[in-house]
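Summary of the model geometry
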Amino acid sequence: MSQDILSGLLSGLNDKQLQAVTLPQVSALILAGAGSGKTRVLTTRIAWLIQTGAVSPNGILGVTFTNKAAREMLTRLSAMLPINTRGMWVGTFHGLCNRFLRTHHREARLPATFQILDTADQLSAIKRVMKLMNVDDEKYPPRQVQSYINGAKDEGLRATSMDAYDKHSQTLRDIFDEYDKQCQREGVADFAELLLRCFETLAREQTLRAHYQERFRYILVDEFQDTNRLQYQWLKLLAGSQNSIFAVGDDDQSIYSFRGARVGNMQDFQVDFQVQEVVKLEQNYRSHSNILDAANAIIAHNRSRLGKNLWTAEGGGEPVRLYEAYTDTDEASFIVDEVKALHNEGIEFQQIALLYRSNAQSRILEHALFSAGIPYRVYGGLRFFERAEIKHALAYLRLVTNPDDDTSMLRIINFPTRGIGTRSLEQLQETARSMNSSLWQAALTQQGKIGAFVALIKDMQDQCNGLPLPEMMDVVTQTSGLRQHYAAEKEGEDRLANLDELVTAAVTFIKERDENDLTDFLTFASLEAGEHQADPGRDALQLMTVHAAKGLEFHTVFISGLEEGLCPHENSMSETNGLEEERRLIYVAVTRARRRLYLSHAQSRMLHGQVRYNIPSRFLDEIPETLLKRLNARPVAKNNEPAWVESARASSAPAPAWKIGQGVHHDKFGAGVVQAYEGGADARVQVNFKHAGIKWLALEYAKLTAT
DNA sequence: TGGCCGAGACTTTTT
DNA sequence: GTCTCGGCCA
């Protein structure tokens, strides 16, 4: 019986995958290329460990970066094995640290109901600290202060260990210090704090550390190339001297260094954990080889690599299409026309993605799509729990559990307006400061409007006591006056609908987790901000940045704006290894495509309200010409046809007919035999090369000679 | 308190 | 081009 499960688990794995899954208890680095079955290996490894009796589900720690990835792992796992995954520690770094901190809040020196600050909350908390400290926000832009603080925490540093060699860095350090004190006072933790606090607690509390080290015999990490210094230290601490870490990652897909991700962790890991063998998963199950060859050729230009080459058992497939547009609008209309054609051929819109380097590029594409009536969906806007009305409602709820949360208090003390103006607020803040207490404590001493607000929150606390979550949502949105406020607003319907949706979210939360704890729900809202404004169910084209596309795949991918300055982005050039990261970005983008890939650039484009003339991205030059099919714009379009149609037609005229079975020679691929032939606008031949394998070659460009 | 206007920014953002 | 923020006025 269990033998059956075991062989079922392992069947269908290729040699490398099998090797990775069945490694003995050693720390291992799995270099998993794009589309190489990484998630499958990771989950099968866990299932295999459990099924062979190496470890109980309790002894496994599985870490990912996104909630989606964590969910995916759990879902697959429960499909593989008849186990209850509920008690398993599989989750995101933040989710797991949160779990730890809730359980051991005393040792971590946090209130049991501590709240989590998201990025926006953190920024306003920083602004508050700076105001209190009388720091000039022209000299110290709050956003920069924020990235200073987060950058430090990501490295595992506190204010006390920050260098301060001049006035400026001293001030930054002081703000950092004050900010942390404020968070502590208010019982809140930002994202980075979750990790740092968990790390520090484990480092300090010997008993706790021993307990978890004893427990987590097998630690598995997804997207290891994206770990920052602190996350790596955290893993090391948990691993201790006897546990093993199974790290899966791809250095070529490291695109988050601007957020503290440190590819160097992969090299360090090999040394620190005496990794004997790096298992490389290079067989790609996603794309045709023309696409992979293009990706390989591009990434080969990077110097700092662990080294890896993707290959596929499938054929060459279609050539990579390259379009040079005159303007950004021309580029957009080209894409629209191609998308229409593809859709007519039966490709679903949702199987087509338009990728770009920066969000600013989406507008013009959206405009063209909208005019053409093509349904599309843009990823990356505000998420559900980030919407203003939702954050307002949540702020009331946060005060209900933890009235000392000043950030939430300030958000809603006068929203909807109840006559508490800037002046009275300043007085209240002054009082709080002199009492060295939270705003709430100060407010308790007040009469008048502030007193009425206190009474309002107390009333909510009473009403919510013992209620199911969805009803709490109702109580709060009613009692606070939020509903009335939005009902009276001209365009308030959407916001009201979102408030209703909040109730639904609470219902779903209870159904899925079988718990009714407000703090848990609020944590969920912070840690899992919800879908990026989705309109699912409808077949729509997918628009997103390259970053957002990581981990996804599509039948057809358009990568637009491949121009110097945009991609590689000009701002990246001043950063160390900036160019290499930009190249990895292109690599990620290219490897999203299964069957068809379009690359495009425009000679001129409107950027920041100015027309800019860009030269084609250097990355385009790195793709071998033999893999490309150029669809160039023509200055004049006849018959109202898009310019590129004519161009394609014009190039179709002379096509030397190759016969199947004919021996040929190619400068790069060497000797081969023609296997298939296609005529028409883009005549091409399929050649089976002795050494390079089967490839489709565009006759227009490939220099083939008969042998 | 809210609305309007001008200045200035503007790469990417798993949590 | 377009969004956000801060200041100023009704």
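Not measured: the values here are computed from a predicted model.

**Examining the overall build of chain A**
Helix and strand content of chain A: 28 helices and 21 strands. Across the 707 residues in chain A, those meeting the buried criterion constitute 53%. In chain A, the proportion of contacts linking residues at least 24 apart, taken out of those at least 6 apart, comes to 74%. Approximately 31200 Å² of chain A is accessible, and the part contributed by carbon and sulfur atoms is 49%.

**Section: the packing of aromatic side chains**
Scanning the model with the defined rule gives 21 aromatic pairs in all. Residues Tyr 212 and Phe 216 carry aromatic rings whose centres are separated by 5.8 Å and whose planes lie at 25 degrees to one another, so their mutual orientation is stacked. With a relative accessible area of 5%, Tyr 212 lands in the buried category. A centroid spacing of 4.2 Å and a plane angle of 5 degrees characterise the contact between Phe 558 and Tyr 598, whose relative ring orientation is stacked. With a gap of 40 residues between them, Phe 558 in strand 13 (residues 554–559) and Tyr 598 in strand 14 (residues 593–607) connect regions that are remote in the sequence. With relative accessibility at 2%, the residue Phe 558 sits in the buried group.

**Thoughts on the protein's contact with DNA strand C**
In the neighbourhood of DNA strand C, the contacting residues comprise Arg 363, His 608 and Gly 609. Counting only the atoms of DNA strand C within 4 Å of the protein, the fraction contributed by sugar and phosphate is 33%. One of the backbone nitrogen or oxygen atoms of His 608 is found 3.2 Å away from a base oxygen of DNA strand C.

**Observations concerning the pairing of strand 15 (residues 610–613)**
Every regular strand shows the same layout, with side chains that alternate between the two sheet faces. Examined bridge by bridge, strand 14 and strand 15 share four bridges and lie antiparallel to one another. Within strand 15, the residue paired with Met 606 across the bridge is Val 611.

**Considerations on the environment of Val 90**
By secondary structure assignment, the location of Val 90 is in strand 3 (residues 89–92). Since its relative accessible area comes to 8%, Val 90 is described here as buried. Expressed as a C-alpha distance, the spacing of Val 90 and Ile 60, which sit 30 residues apart in the sequence, is 7.8 Å. In this structure, Val 90 is in contact with Gly 62, Ala 70, Met 73, Leu 74 and Leu 96, ignoring residues within four places of it in sequence.

**Considerations on the protein's contact with DNA strand B**
As a matter of local geometry, DNA strand B sits amid 26 residues, with Arg 259, Arg 357, Asn 359, Thr 545 and Glu 575 nearest to it. Each atom of DNA strand B within 4 Å of the protein was classed as base or backbone; sugar and phosphate made up 55%. Within the contact set of DNA strand B, a phosphate oxygen lies 2.7 Å away from a side-chain nitrogen or oxygen of Thr 545. Between DNA strand B and Glu 575 there is a distance of 2.5 Å, counted from a base oxygen to a side-chain nitrogen or oxygen. Here the surface near DNA strand B is built from residues that sort into six nonpolar, 15 polar and five charged.

**So, a nonpolar patch on the surface**
Together, Met 606, Val 611 and Tyr 613 line one region of the surface with nonpolar side chains, adding up to about 380 Å² of accessible area. Here Met 606 is to be found in strand 14.

**Some details on helix 13 (residues 289–299)**
Of all eleven residues that make up helix 13, eleven are buried, and the element is covered over most of its length. Buried residues of helix 13: Ser 289, Asn 290, Ile 291, Leu 292, Asp 293, Ala 294, Ala 295, Asn 296, Ala 297, Ile 298 and Ile 299, and no others.

**Looking at the confidence of the model for chain A**
Of the residues in chain A, 89% have a pLDDT of 70 or more, and the chain-wide mean is 88. The low-confidence segment residues 634–656 (pLDDT under 50) makes 29 contacts with residues lying over four places distant or belonging to another chain.

**Side note on the nonpolar core**
Generally speaking, soluble globular proteins have nonpolar side chains that are buried together. Ranked by internal contacts, the top residues of the largest apolar core, which has 47 residues, are Phe 385, Phe 453 and Phe 521. Tallying contributions element by element places helix 16 (residues 388–401) first for this core, with eight residues. Ranked by size, the runner-up nonpolar core spans 41 residues in total, among them Phe 100, Leu 195, Phe 269 and Val 275.

**Some thoughts on the packing of helix 16 against helix 24 (residues 518–527)**
Remark: helix 16 packs on helix 24, axes separated minimally by 10 Å, with the N-to-C direction vectors making an angle of 140 degrees. By the angle between their directions, the pair helix 16 and helix 24 is classed as oblique. Relative to helix 24, the crossing made by helix 16 is left-handed. Packed against helix 16, whose contacting residues are Leu 394, Leu 397, Arg 398, Val 400 and Thr 401, the element helix 24 presents Leu 518, Thr 519, Phe 521, Leu 522, Ala 525 and Ser 526 at the interface.

Criteria and cut-off values
Residues numbered from 1 in each chain as written. Chains lettered and ligands numbered in written order. Predicted model: local features only at pLDDT ≥ 70, side-chain atom pairs only at ≥ 80, totals over all residues. Heavy atoms only, no water. Helix = DSSP H or I, 4+ residues; strand = E, 2+ residues; numbered from the N terminus. Buried < 20%, exposed > 50% of the residue type's maximum accessible area, 1.4 Å probe, protein only. Contact = heavy atoms within 4.5 Å. Areas by Shrake-Rupley, 256 points an atom, 1.4 Å probe, with all protein chains shown as cover. Phe/Tyr/Trp six-rings, centres within 6.5 Å; stacked < 30°, edge-to-face > 60°. Near = heavy atom within 4 Å. Polar contact = N/O pair within 3.5 Å; in protein donor to acceptor, adjacent residues only side chain to side chain. Pairing = 2+ DSSP bridges. Nonpolar A, V, L, I, M, F, W, Y, C, P; charged D, E, K, R; others polar. Patch = residues over 30% accessible without salt bridge, like charges linked within 9 Å, V, L, I, M, F, W, Y side chains within 5 Å. Salt bridge = Lys/Arg side-chain N within 4 Å of Asp/Glu carboxyl O. pLDDT = per-residue confidence, 0-100. Core = buried A, V, L, I, M, F, W, Y, C linked by side-chain atoms within 4.5 Å. Axes fitted to C-alpha atoms, helices over the stretch in contact; angles between N-to-C directions. Parallel < 35°, antiparallel > 145°, perpendicular 65-115°, else oblique. Left-handed = near helix turned anticlockwise from the far one by under 90°.

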